[in-house]
Amino acid sequence: MKLENKNILITGASSGIGEALAGKLAKSNNLILVARNYEKLKLIKEQNETGKYKIFPVQCDVSKKTEVEEAYVKIKKKFTAVDIAILNSGVSYRMKVEKFNSGLAEEIFGTNVMGIIYWVEQLIKDFVRERKGTIVGVSSLAGNRGYSGSSFYSASKAAVSIYLEGLRNELKKYNVKVLTVKPGFVKTPMTDKNKFPMPFIISPEKAAGYIIRGIEKGKKIIAFPLPMVLIVKFIGALPVSVYDFLASKNKYE
Ligand SMILES: NC(=O)c1ccc[n+]([C@@H]2O[C@H](COP(=O)([O-])OP(=O)(O)OC[C@H]3O[C@@H](n4cnc5c(N)ncnc54)[C@H](OP(=O)(O)O)[C@@H]3O)[C@@H](O)[C@H]2O)c1
């Protein structure tokens, strides 16, 4: 499937990977850009809208079901159909266990997990009826194990990956595609605050390129970059005792 002449919805489009996707896709597609920072979305529209294709910014907190419902009503008034939804909004906070704060878990799970589920709830009504549509959920390579200091984030991304896997098979009979994106480290405001080494970190533009090529090839799992995929596979295969020993040596908690 070539990403041309499509109506593409991107959540988390005001920054990082989502903004880079918008920059690349605006040249040949109509875009619906979703995030809380409406001013930034309008700026991205100004910078990227070409004569033929339109950009429609929509302010929405994806962790709030009513806001997602309202956003979808607005979108349906403008576009006959969404062809592809890239559900990319996400937050990540590190937390020392001594400063335990379940509020961070609520925000992380609310945005990363429910922020996908609320959008799926809206989209599948039309996708199932029309027997077409593609849902691209952004998870993370970090969802393969529990990483000290980022347990809420790792758990949220594990939930996203597992949920999308189930959904892919549930929607197969309706010809609705579900793809899971698992990036390694990408240089964005999310990772700019990290103080630990981030091997094989790539630019958001490069990440957007991987995602676009993955969607065009119809890959079920779009994981990148390769060296990080291999490292994470290796870490995932470690016995619990070995993993726990290595985790106990982590000085970046
Ligand atoms: N950067 C990495 O190394 C990396 C690695 C693996 C996976 N990922 C995943 O990739 C996705 C994009 O991350 P990024 O690195 O591009 O981060 P980013 O630059 O911080 O962008 C995050 C985006 O999510 C949006 N967002 C956050 N909370 C939201 C909410 N409640 N409602 C609507 N939108 C919300 C933000 O927009 P507003 O603040 O305007 O709402 C922003 O556009 C995330 O799902 C992240 O977990 C990133």
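Up top is the structure these notes are about.
Caption draft 1: View of the site of the ligand. Every one of the 30 residues lining the ligand counts as a neighbour, but Ser15, Arg36, Tyr153, Val186 and Thr188 are closest to it. Measuring from an oxygen atom of the ligand, one finds a backbone N or O atom of Asn88 at 2.9 Å. Between an oxygen atom of the ligand and a side-chain N or O atom of Thr188, the distance comes to 2.6 Å. Out of a free accessible area of 880 Å², the ligand has 92% covered by protein chains.

Caption draft 2: Fine view of a positive patch on the surface. Residues Lys24, Lys27, Lys206, Arg213, Lys217 and Lys219 make up a contiguous surface patch of positive charge. Here Arg213 shows up in helix α7 (residues 204–217). Classification of Arg213 by relative accessible area gives partly exposed; the value is 44%.

Caption draft 3: Focus on the pattern of salt bridges. Under the criterion given, the structure shown has 11 salt bridges. Residues Asp126 and Lys76 are paired through a salt bridge, measuring 2.8 Å at the closest nitrogen-oxygen approach. With Asp126 in helix α4 (residues 102–130) and Lys76 in helix α3 (residues 65–78), this residue pair connects regions lying 50 residues apart in the sequence. Take Lys76: its relative accessible area is 33%, and that puts it in the partly exposed class. For the salt bridge of Arg129 with Glu130, the shortest nitrogen-to-oxygen distance reads 3.5 Å. Looking at Arg129, the relative accessible area reads 54%, which means it is exposed. Of the residues examined, Glu130 reaches a relative accessible area of 44% and is grouped as partly exposed. Each of the salt bridges in this network shares a partner with another, and the network as a whole consists of Lys76, Asp126, Arg129 and Glu130.

Caption draft 4: Local environment of the nonpolar core. The biggest cluster of nonpolar side chains holds 31 residues, and the ones touching the most others in it are Ile10, Leu21, Leu25, Leu31, Leu33, Ile86 and Ile215. With sequence-adjacent residues up to four places away left out, Leu25 is seen in contact with Leu3, Ile8, Ile10, Leu31, Ile86 and Ile212. Ranked by size, the runner-up nonpolar core spans 29 residues in total, among them Leu9, Val82, Leu87 and Leu167.

Caption draft 5: Structural detail: the side chain of Lys6. With respect to the helices and strands, Lys6 occurs in the segment before β1 (7–11). Lacking a salt bridge, the buried Lys6 has Asp83 as its closest oppositely charged neighbour, with an N-O distance of 6.1 Å. Setting aside residues no more than four positions away along its own chain, Lys6 makes contact with Met1, Ser28, Asn29, Asn30, Asp83 and Ile84.

Caption draft 6: Highlighting α4. Counted at 1.5 Å a residue, the expected span for α4 with its 29 residues is 42 Å, and the 40 Å between its end C-alpha atoms agrees. Of all the bends in α4, the largest measures some 40° and sits at Met114. Where α4 starts, the residue carrying a side-chain oxygen 2.8 Å from the main-chain nitrogen of Gly103 turns out to be Asn101. Arg131 sits one or two positions beyond α4 and adopts a positive phi of about 55°.

Caption draft 7: A look at α3. Helix length check: α3 (14 residues) gives 20 Å between terminal C-alpha atoms against 20 Å at 1.5 Å per residue, within 8%. Three or more residues of α3 are buried, namely Val68, Ala71, Tyr72 and Ile75. End-on view of α3: buried residues confined to an arc of 100°, all on one side of the axis. In α3, those exposed residues whose orientation departs by more than 90 degrees from the buried face are Glu70 and Lys77. Considering only its buried residues, α3 is in contact with β1, β2 (30–35), β3 (55–59) and α4.

Caption draft 8: Quick look at the side chain of Gln122. Mapped onto the elements of the fold, Gln122 is located in helix α4. Once residues lying within four places of it in the same chain are set aside, the contact partners of Gln122 are Val68, Glu69 and Tyr72.

Thresholds, definitions, all that
- Residues numbered from 1 in each chain as written.
- Predicted model: local features only at pLDDT ≥ 70, side-chain atom pairs only at ≥ 80, totals over all residues.
- Heavy atoms only, no water.
- Near = heavy atom within 4 Å.
- Polar contact = N/O pair within 3.5 Å; in protein donor to acceptor, adjacent residues only side chain to side chain.
- Areas by Shrake-Rupley, 256 points an atom, 1.4 Å probe, with all protein chains shown as cover.
- Patch = residues over 30% accessible without salt bridge, like charges linked within 9 Å, V, L, I, M, F, W, Y side chains within 5 Å.
- Salt bridge = Lys/Arg side-chain N within 4 Å of Asp/Glu carboxyl O.
- Lys, Arg positive; Asp, Glu negative; His and termini not counted.
- Charge placed at Lys NZ, Arg CZ, Asp CG, Glu CD.
- Helix = DSSP H or I, 4+ residues; strand = E, 2+ residues; numbered from the N terminus.
- Buried < 20%, exposed > 50% of the residue type's maximum accessible area, 1.4 Å probe, protein only.
- Core = buried A, V, L, I, M, F, W, Y, C linked by side-chain atoms within 4.5 Å.
- Contact = heavy atoms within 4.5 Å.
- Expected span 1.5 Å × (residues − 1).
- Bend = angle between axes of the 7 residues up to and from the residue.
- Arc of directions from axis to C-beta.

This is a description of form; function is not addressed.
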